[in-house]
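# Overview (structure and organization)
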Amino acid sequence: MTDLADELQTSTESKHMTSHSGERTVIGSCPLDCPDGCSWVVTVSDEGRATRLRGNPDHPFTAGGLCKKVNPWLKMAEDPARLLQPLRRVRPKGERSANRFDDFVPISWDEAMAEIAARFTDIIDSSGPAAIWPFAGTGNVGFVQGGALPVGSRLWNHLGVSKHFLTICSVSGHIGLSYTVGTATGMDPEDVVDAGAVLIWGSNTLVANQHWWPFVEKAADGGAPILVIDPLRTRTAARADLHLAPRPGTDGALALGLCRALIDREAIDSEFIETYTEGFDEFARSLREWDLARVADVCGLPIGELNQLVDLLCEPAHRPLAVKLGQGMQRHAFGGQASRVVSCLPALTGSYPLDGRPAGGGLVYSTHAPYKINTPLAAGRHLGERPRALAMTNLAANLLELNDPPVEALFVHGANPVVSNPDTERVRQGLSRPDLFCVVAEIYLTETTDYADIVLPSTMQHEQWEVNDSFAHMYLNLNQPAVEPPGECVPHTEMFRRLARAMDLDEPELYATDTELVAALIDTDEYRAAGVTLESWKRTGWVRAPAAGRPYRPFGDGFPTESGRFEFVSSRAERDGHGRLPNYRPPTEAGSGDVDVYDLVAIGSDWHINSVFAGTQVVIGRTDAPTISLHPDDAERDGISDGDRIVVFNDRGSFAAVAAVNHQARTGVAATTKGWWGMGVNNTVAERDSDMGRGAVFHDNRVRIRVAAEPDQG
Ligand SMILES: Nc1nc2c(c(=O)[nH]1)N[C@H]1C(S)=C(S)[C@@H](COP(=O)(O)OP(=O)(O)OC[C@H]3O[C@@H](n4cnc5c(=O)[nH]c(N)nc54)[C@H](O)[C@@H]3O)O[C@H]1N2
Ligand SMILES: Nc1nc2c(c(=O)[nH]1)N[C@H]1C(S)=C(S)[C@@H](COP(=O)(O)OP(=O)(O)OC[C@H]3O[C@@H](n4cnc5c(=O)[nH]c(N)nc54)[C@H](O)[C@@H]3O)O[C@H]1N2
Ligand code: SF4
Ligand SMILES: [Mo]
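Residues numbered from 1 in each chain as written. Chains lettered and ligands numbered in written order. Predicted model: local features only at pLDDT ≥ 70, side-chain atom pairs only at ≥ 80, totals over all residues. Heavy atoms only, no water.

### A look at the site of ligand 2
In plain terms, the rule: Here, proximity means that at least one heavy atom of the residue falls within 4 Å of the molecule or strand. Counted as a polar contact is a pair of N or O atoms within 3.5 Å, where, for protein atoms, one must be capable of donating a hydrogen and the other of accepting one, and residues adjacent in sequence contribute only when both atoms are in side chains. The Shrake-Rupley method, run with a 1.4 Å probe sphere, supplies the accessible areas, and residue values consider only the shown protein chains as cover. Residue polarity is assigned by list, with Asp, Glu, Lys and Arg as charged and Ala, Val, Leu, Ile, Met, Phe, Trp, Tyr, Cys and Pro as nonpolar; anything else, Gly included, falls into the polar class. Start and end points for every domain follow an automatic or database-based domain assignment.
Around ligand 2, 33 residues are found, and the nearest of them are Asp-230, Asp-251, Gln-327, Arg-331 and Ser-605. Val-207 places a polar main-chain atom, nitrogen or oxygen, 3.5 Å from a nitrogen atom of ligand 2. Across the complex, the protein chains shield 99% of the 900 Å² of accessible surface that ligand 2 would expose by itself. The residue makeup of the shell around ligand 2, split by class, is 13 nonpolar, 14 polar and six charged. When we break the shell around ligand 2 down by domain, the ones giving at least three residues each are domain 2 (172–365) and domain 3 (598–707).

### Looking at the site of ligand 3
As a structural note, the neighbourhood of ligand 3 is formed by Cys-30, Cys-34, Asp-36, Gly-37, Cys-38, Leu-66, Cys-67, Lys-69, Val-70, His-211 and Ile-609. Among the residues forming the shell around ligand 3, the class breakdown is seven nonpolar, two polar and two charged.

### Overview of the packing of aromatic side chains
The geometry of an aromatic ring pair comes down to the distance between the two centres and the angle between the two planes. Inclusion rule: Each Phe, Tyr or Trp ring (for Trp, its six-membered ring) is paired with any other whose centre lies within 6.5 Å, and the angle between the two planes then decides the class: stacked below 30 degrees, edge-to-face above 60, tilted in between. Strands here mean DSSP runs of E at least two residues long; helices mean DSSP runs of H or I at least four residues long; both are numbered from the N terminus. Here the term buried applies to any residue with accessible area under 20% of the maximum for its type, exposed to any over 50%, and partly exposed to those in between, with areas from a 1.4 Å probe on protein chains only. Only lysine NZ and arginine CZ atoms are considered, and such an atom sits over a ring when it is within 6 Å of the ring centre and within 35 degrees of the ring normal.
This structure, assessed with the given rule, holds 22 aromatic pairs. Centre to centre, the rings of Trp-156 and Phe-411 are 5.8 Å apart; their planes meet at 65°, and the pair counts as edge-to-face. Separated by 255 residues along the polypeptide, Trp-156 in helix H4 (residues 153–159) and Phe-411 in strand S15 (residues 409–413) bring together distant segments of the chain. We note that Trp-156, like Phe-411, is buried. When the ring centre of Trp-212 is taken as origin, the NZ or CZ atom of Lys-324, which lies over that ring, is 5.7 Å away.

### Considering the nonpolar core
How we decide: Put simply, buried Ala, Val, Leu, Ile, Met, Phe, Trp, Tyr and Cys residues joined by side-chain atoms within 4.5 Å make one nonpolar core. The contact rule is simple, with two residues in contact once any of their heavy atoms fall within 4.5 Å.
Core analysis: the largest hydrophobic core is formed by 59 residues, its most contacted members being Trp-201, Leu-254, Phe-283, Tyr-352 and Phe-559. Counting residues per element, this core draws most heavily on helix H9 (residues 251–264), which supplies nine residues. Not counting chain neighbours up to four residues away, the residues in contact with Trp-201 comprise Ile-229, Asp-251, Leu-254, Ala-255, Leu-258, Lys-324, Leu-325, Gly-326, Met-329, Val-342 and Leu-345. Judged by nonpolar contacts, the second largest core, of 31 residues, contains Trp-109, Leu-159, Val-439 and Ala-500.

### Side note on the sheet that holds S15
Selection criterion: Pairing between strands is defined by DSSP: at least two bridges between them are needed. Helix axes are fitted only over the stretch in contact, all axes being lines through C-alpha atoms; the angle between N-to-C directions runs from 0 to 180 degrees.
One open sheet holds the six strands; their spatial order is S5-S4-S17-S16-S15-S6, and the pairing between them is mixed. Strand pairing shows two members of the sheet lacking a second neighbour, strand S5 (104–106) and strand S6 (132–136), which therefore form its edges. Neighbour-to-neighbour, the strand axes of this sheet turn through a mean angle of 20°, independent of strand direction. As defined by bridge partners, strand S4 (residues 87–89) adjoins strand S17 (residues 454–457) across two bridges and the pair is classed as antiparallel. Within the sheet, the bridge partner assigned to Leu-87 lies in S17 and is Val-455. Contacting S15, strand S16 (437–442) and S17, helix H20 (residues 492–502) runs over the sheet at an angle of about 150° to S15.

### Here we look at the side chain of Glu-494
Topologically, Glu-494 is positioned in helix H20. Of the polar contacts made by the side chain of Glu-494, one reaches the side chain of Arg-497; its length is 2.9 Å.

### A closer look at the confidence of the model for the protein chain
To be explicit about the condition: The pLDDT value expresses, per residue, how confident the predictor is, ranging between 0 and 100.
Here the protein chain shows a mean pLDDT of 95. Residues at 70 or above account for 97%. In this model residues 1–18 is a low-confidence stretch, pLDDT under 50, and it forms 37 contacts with partners more than four residues away in sequence or in other chains.

### Considerations on the environment of Trp-676
The topology assignment puts Trp-676 in the loop between strand S26 (669–673) and strand S27 (702–707). In this structure Trp-676 comes out as buried when scored by relative accessible area, which is 11%. When sequence neighbours within four positions are dropped, the list of residues in contact with Trp-676 reads Val-419, Ser-605, His-608, Ala-614, Thr-623, Asp-624 and Pro-626. Within the local environment of Trp-676, its side chain forms a polar contact with the side chain of Thr-673, the two groups lying 2.7 Å apart.

### Things to note about the pairing of S17
Neither face of S17 is left uncovered, since the one carrying Ile-454 and Leu-456 and the one carrying Val-455 and Pro-457 both have all their residues buried. With four bridges connecting them, S16 and S17 associate as parallel partners. Bridged to Ala-441 within S17 is Leu-456.

### Brief notes about empty space enclosed by the protein
Under the convention used in this document: Cavities and pockets were defined on a 1 Å grid built from protein atoms only: a cavity is a group of points that admits a 1.4 Å probe but offers it no way out, a pocket is an open group of points flanked by protein on both sides within 12 Å along at least five of seven lines, and a lining residue is one with an atom within 4 Å of any such point. Grid points are joined across faces, edges and corners, and a volume is the space filled by probe spheres set on the points.
The final tally for this structure, using the stated rule, is six cavities of 30 Å³ or more. One number sums up the size of the largest cavity: a volume of about 220 Å³. Around the largest cavity, the lining comprises 20 residues; the ones closest to its centre are Gly-152, Ser-153, Arg-154, Thr-493 and Leu-517. Looking at the lining of the largest cavity, the elements that each hand over two or more residues are H4, helix H16 (375–379) and H20. Of the residues forming the lining of the largest cavity, the biggest block, five residues, is contributed by H20.

### Focus: the environment of Pro-405
Secondary-structure assignment places Pro-405 in the loop between helix H17 (395–400) and S15. Residue Pro-405 is classed as buried on the basis of its relative accessible area of 12%. It is 5.6 Å that separates the C-alpha atoms of Pro-405 and Ala-131, two residues lying 274 residues apart in sequence. Non-local contacts of Pro-405, meaning those with residues more than four positions away in its chain, are made with Ser-127, Ala-130, Ala-131 and Arg-388.

### Some remarks on the domain arrangement of the protein chain
Our working definition: Defined in terms of a 1.4 Å probe, buried area is the accessible area two parts forfeit on being brought together, summed over both. What makes a salt bridge here is a side-chain nitrogen of Lys or Arg within 4 Å of a carboxyl oxygen of Asp or Glu, nothing more.
Segmentation of the protein chain into domains returns domain 1 (87–93 + 104–169 + 371–544), domain 2 (172–365) and domain 3 (598–707). When each unit is reduced to the centre of its C-alpha atoms, the spacing between domain 1 and domain 3 is 30 Å. Between domain 1 and domain 3, a total of about 1700 Å² is buried, with carbon and sulfur atoms accounting for 52% of that surface. Run the count over domain 1 and domain 3 and you get one salt bridge.

### Considering the environment of Tyr-371
Within the element layout of this structure, Tyr-371 appears in the loop between strand S13 (362–364) and H16. Spatially, the C-alpha atom of Tyr-371 lies 19 Å from that of Leu-354, the residues being 17 residues apart in sequence. Contact partners of Tyr-371, with chain neighbours within four places excluded, come to Asp-469, Ser-470, His-473, Met-474, Tyr-475, Leu-476, Tyr-527 and Ala-545. At 3.2 Å, the side chain of Tyr-371 forms a polar contact with the backbone oxygen of Tyr-475.

### Quick look at the sheet that holds strand S19 (residues 475–479)
Across the sheet, three strands lie side by side as S18-S19-S20; this open sheet has antiparallel pairing. This sheet does not close on itself; its edge strands, each paired only once, are strand S18 (466–468) and strand S20 (542–544). Averaged over all pairs of adjacent strands, the angle between their axes in this sheet comes to 20°, without regard to strand direction. Where S18 and S19 come together, three bridges link them in antiparallel fashion.

Structure follows, in structure tokens:
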């Protein structure tokens, strides 16, 4: 890799769009669960075929390049495995032929909808609507077709089915931050260019949020050190001025120690603390036990490295401090609490960009606050109540243990729980229940459709209307359909209109068109005052959220908490059982430092997002089998050599893999990537709730590893 463009593996094509006769370009957006929220441009031939896809050069964050995951999008849309018509299962659930299509027979849309409507009506009559669970994942995180709102809400509200909580990704961090900052939006990530120091905490930014990296590099050019806290030496960590690799799940302890060190060294902003925060003295007193020697012990870090980090954080030139909080560190038993503690660092250093203060510092976790779209209208909140809420991360327990009523039907879209949910074996057991009626809307047949009664073929993004936000920038992207869908694929919105019709429902709002739903999202005074109309939006494909001024002041001159101040102490957290003060508790499984066990951490792959497209010929053809990286000291102790076939196991399950002995993981940690079909990482992960919001504990996972027995030669 020689330059940044290579490093980011974005397309470096010329920004000039050439147009051949009859060709046209249509602006759209990437629907994937990626912070970058790219805007894209599809070239359509005069025969109506999509011939080219590239990043929108006019979008301030996309800046003309997509990523190596999405560059082959159009090829993946034409993959021979693409679903083109509705299917009905003819084999027992969980059984799978060499060619998955052999497990199904094609049926017409009318048959599919009649069957779903009949089953749903029976279930509602016998058990009540709460027995139906619409299970929306992150395959598409848009507001019209995807899991953000999620799609189908008008119908689901009207029927009163169980609510779905999308808890699989980032919920614990959101709640943790709500106790201190009051919200998870702590600065405009673009403003990082003016940071005095950038602290990247549990985020593999160069892989998982790559379009932000050029902004970070600008800060570095201005003298800001890049500091990374990650148990793995990721590509991002390798680019840092200083990288500390604590034991997984010990971030809370590290952050408390850093807070104490900043206070001890008087490297804090007393004026900011006095004016804008609550409970500093009590917080400072609570830190007495967190001297660096104890931190070193709990986190498994050399004291010299801790001192180096503290020196850099105390440097007056390194203000304001921008902290990028990744999702990785909150996938732990006490991940919410850890996020809460980390958010204290920008407060102590006076870095949050309140009115009249320098921009450039604060906290980057989410950027949801300024969008202020009209979700109640688009989702039809007024159409009905939904008394029960079910967490996505509790799928197995909800299928196997819930009564009153039990879950009798699932409508799954944009989700692949057999690969991505924790505790795969129990998820499979739950999905195998013969009495469960399971509908899956998909692009391909997956390990989850192996359990579907009916599979419905969905359009892909360049074939549908969509609205996408981002969690790393503040532009609202509009996606316009560029081409006609292939075969009998339809957008999710149309599936729900057809289902409403098949169920004989006469509420007119269930039949809103896609462009009516798009328009509903920007039906607010702010968007009107900013002059945003569907027509103006179509021309650019994006608009800066009207509430995101420049420089962005997330909270004016106070914080959106109960007290209006940054809350080092929080009565609300105390009421919720999380303690008045930010605190640390050790993870349930990880971080022990015990010999012979590994903390397994499965992070984003370079090649795909979660499990999306991971089973396509394009991806399989470009990648090697995923490996498990082990530190040389651990590998030697356990008699494992580079390239050995190994078994990774605990009492929940096991999977086979190939060992890679290198310096990616610190000692005691085994590192791999998530989302691979058939790999089985989540066979070993517990379906246990994190401390806040029922988040998953993917990285709080203790496993053992041994060399696989030689296959029988006989
Ligand atoms: N071990 C471990 N597991 C993890 C994580 C981890 O860090 N470690 N990370 C977790 C995180 S952050 C997340 S967000 C979850 C993701 O978990 P899920 O939300 O289940 O997402 P995916 O597994 O990517 O599955 C998305 C599915 O949607 C399909 N799809 C894509 N686009 C569309 C579309 O437009 N329409 C329809 N109908 N389907 C579509 C894809 O083919 C794919 O099968 O995984 C989690 N799993
Ligand atoms: N290429 C690619 N990009 C992606 C995705 C993908 O699958 N592939 N997934 C997308 C999704 S759904 C999401 S939510 C985001 C997530 O993006 P990130 O926030 O980057 O989340 P992760 O990949 O889970 O983990 C980030 C880092 O946290 C580290 N980590 C794990 N445990 C701990 C810990 O206890 N403490 C600390 N300090 N660090 C820890 C991991 O080693 C990893 O390097 O990325 C999105 N972008
Ligand atoms: S996956 Fe992320 S980086 Fe790639 S095109 Fe989509 S939004 Fe951009
Ligand atoms: Mo995610």
